[in-house]
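# Structural overview for review
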Amino acid sequence: FRYLRGIGRLKSETRTCGCIYRNVEQPESISDHMYQMAVMAMVTKDDHLNKDRCVCLALVHNMAECIVGDIAPADNIPKEEKHRREEEAMKQITQLLPENLGKEFYELWEEYETQSTAEAKFVKQLDQLEMILQASEYEDLENKPGRLQDFYDSTAGKFSHPEIIQLVSELEAERNANIVAAASEPRS
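As named in an unreviewed UniProt entry, the chain is 5'-deoxynucleotidase HDDC2, taken from Microcebus murinus. UniProt's Catalytic activity (unreviewed entry) comment on the chain is quoted here verbatim: "a 2'-deoxyribonucleoside 5'-phosphate + H2O = a 2'-deoxyribonucleoside + phosphate". Recorded under Function (unreviewed entry), the UniProt text for the chain is reproduced unchanged: "Catalyzes the dephosphorylation of the nucleoside 5'-monophosphates deoxyadenosine monophosphate (dAMP), deoxycytidine monophosphate (dCMP), deoxyguanosine monophosphate (dGMP) and deoxythymidine monophosphate (dTMP)."

In structure tokens:
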């Protein structure tokens, strides 16, 4: 019960990853982000990846944030310190589960953190894809195409999986068309 109560905080913990710092209206929760990533993992066409493992990685990768919150680059916390805090949080969280399940969750988190498998690398790219997809949705909701360009800039050159490269290409083409259309609209 304590585990479920703790993890439930992710539903109301807002992602800071730039959303809060950029005054985005109605920013997604950490839980929203993890859910979207899990669905993205489910629909991959890559038969070389273990989809079930990818879904589990997506659901576990930010679990520590129910204790430490969403630590963003703008918080100026060194990567080593961020990792230390999250590792300690994962140890706390997983101690609330039966030993074998806690061990499984911790190992999934560690796999993602160390990027030690093809699945972990794929899910890391899903993490970044989900961020720019969400940024695009914010731009659409606010009717401000191009406002969150720095989200896109932060992911430039970080995608290597062919399926994700294709999705990013489609997203950027749609977004660029929206930016051009908005620029050509008469101003009142």
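Now that the structure is up, let's keep going.
Bringing the environment of Gly102 into the picture now. Considering the arrangement of structural elements, one finds Gly102 in helix H6 (residues 99-114). In this structure, the C-alpha to C-alpha distance between Gly102 and Lys91, residues 11 residues apart in sequence, is 8.5 Å. When neighbours within four sequence positions are excluded, Gly102 is seen to be in contact with Thr94 and Leu97.

On to the packing of aromatic side chains, then. For the structure on display, the rule yields 2 aromatic pairs. Ring geometry for Tyr106 versus Trp109: centroids 5.6 Å apart, planes at 45 degrees, classification tilted. On the criterion of helical spacing, the pair formed by Tyr106 and Trp109 is a turn pair, its members being 3 residues apart in helix H6. Above the face of the Tyr152 ring, Arg175 is positioned so that its terminal group lies 3.8 Å from the ring centre.

Averaged over all residues, the pLDDT of the chain is 92; the fraction at 70 or higher stands at 96%. For the chain, per-element mean pLDDT is lowest for helix H1 (residues 2-8), which scores 89, and highest for helix H3 (residues 51-60), which scores 98.

Here the focus is the packing of helix H2 (residues 30-42) against helix H7 (residues 118-142). Where H2 meets H7, the closest approach of the two axes is 10 Å, and the angle between their N-to-C directions is 120 degrees. By the angle class used here, H2 and H7 are oblique. For the pair H2 and H7, the sense of crossing is right-handed. Counting all contacts with H2, which are made through His33, Gln36, Met37, Met40 and Ala41, the residues of H7 involved are Phe122, Val123, Leu126, Asp127, Leu129, Glu130 and Leu133. For the contact of H2 with H7, the residue count by class is 8 nonpolar, 2 polar and 2 charged.

It is worth spelling out the nonpolar core at this point. Counting 44 residues, the largest nonpolar core has Met90, Val123, Leu126, Leu129 and Ile132 as its most contacted members. When contributions to this core are tallied by element, the ones reaching two or more residues are H1, H2, H3, helix H5 (79-94), H6, H7, helix H8 (149-155) and helix H9 (162-184). Here this core takes 9 residues from H7, the largest share from any one element.

Reading the values: rules and limits
- Throughout this description, residue numbers start from 1 for each chain and increase along the sequence as written.
- In keeping with the predicted nature of the model, local features appear solely for residues at pLDDT of at least 70, side-chain atom pairs appear and are counted solely at 80 or more, and the whole-chain, interface and lining totals rest on all residues.
- Hydrogens and water molecules were not included; the side-chain quantities draw on all heavy atoms of the structure.
- UniProt positions are given in the numbering used here, feature names are shortened, and annotations may be inferred rather than shown by experiment.
- Under the scheme used here, helices are H or I runs from DSSP no shorter than 4 residues and strands are E runs no shorter than 2 residues, and both carry numbers assigned from the N terminus.
- In this analysis, two residues are considered to be in contact whenever any of their non-hydrogen atoms come within 4.5 Å of each other.
- In this scheme Phe, Tyr and Trp rings, the latter by its six-membered ring, pair at centre separations within 6.5 Å, and the angle between planes marks the pair as stacked below 30 degrees, edge-to-face above 60, and tilted otherwise.
- Only Lys NZ and Arg CZ are tested; either one counts as a charge over a ring when it is within 6 Å of the ring centre and within 35 degrees of the ring normal.
- A residue's pLDDT is the predictor's confidence in that residue, given on a scale from 0 to 100.
- The axes used here are C-alpha line fits, helices contributing only the stretch in contact, and every angle between their N-to-C directions lies in the interval 0 to 180 degrees.
- Put simply, angles under 35 degrees are roughly parallel, angles over 145 are roughly antiparallel, angles from 65 to 115 are roughly perpendicular, and the rest are oblique.
- Crossings are assigned a handedness: left-handed for a near helix turned anticlockwise from the far helix by less than a right angle, right-handed for a clockwise turn.
- Each residue is assigned to one of three groups, with Ala, Val, Leu, Ile, Met, Phe, Trp, Tyr, Cys and Pro labelled nonpolar, Asp, Glu, Lys and Arg labelled charged, and all others, Gly among them, labelled polar.
- Buried Ala, Val, Leu, Ile, Met, Phe, Trp, Tyr and Cys residues that are joined via side-chain atoms within 4.5 Å together make up what is termed a nonpolar core.
- Under the scheme applied here, a residue whose accessible area is under 20% of the maximum for its type counts as buried, over 50% as exposed, and between as partly exposed, the area being computed with a 1.4 Å probe on protein chains only.

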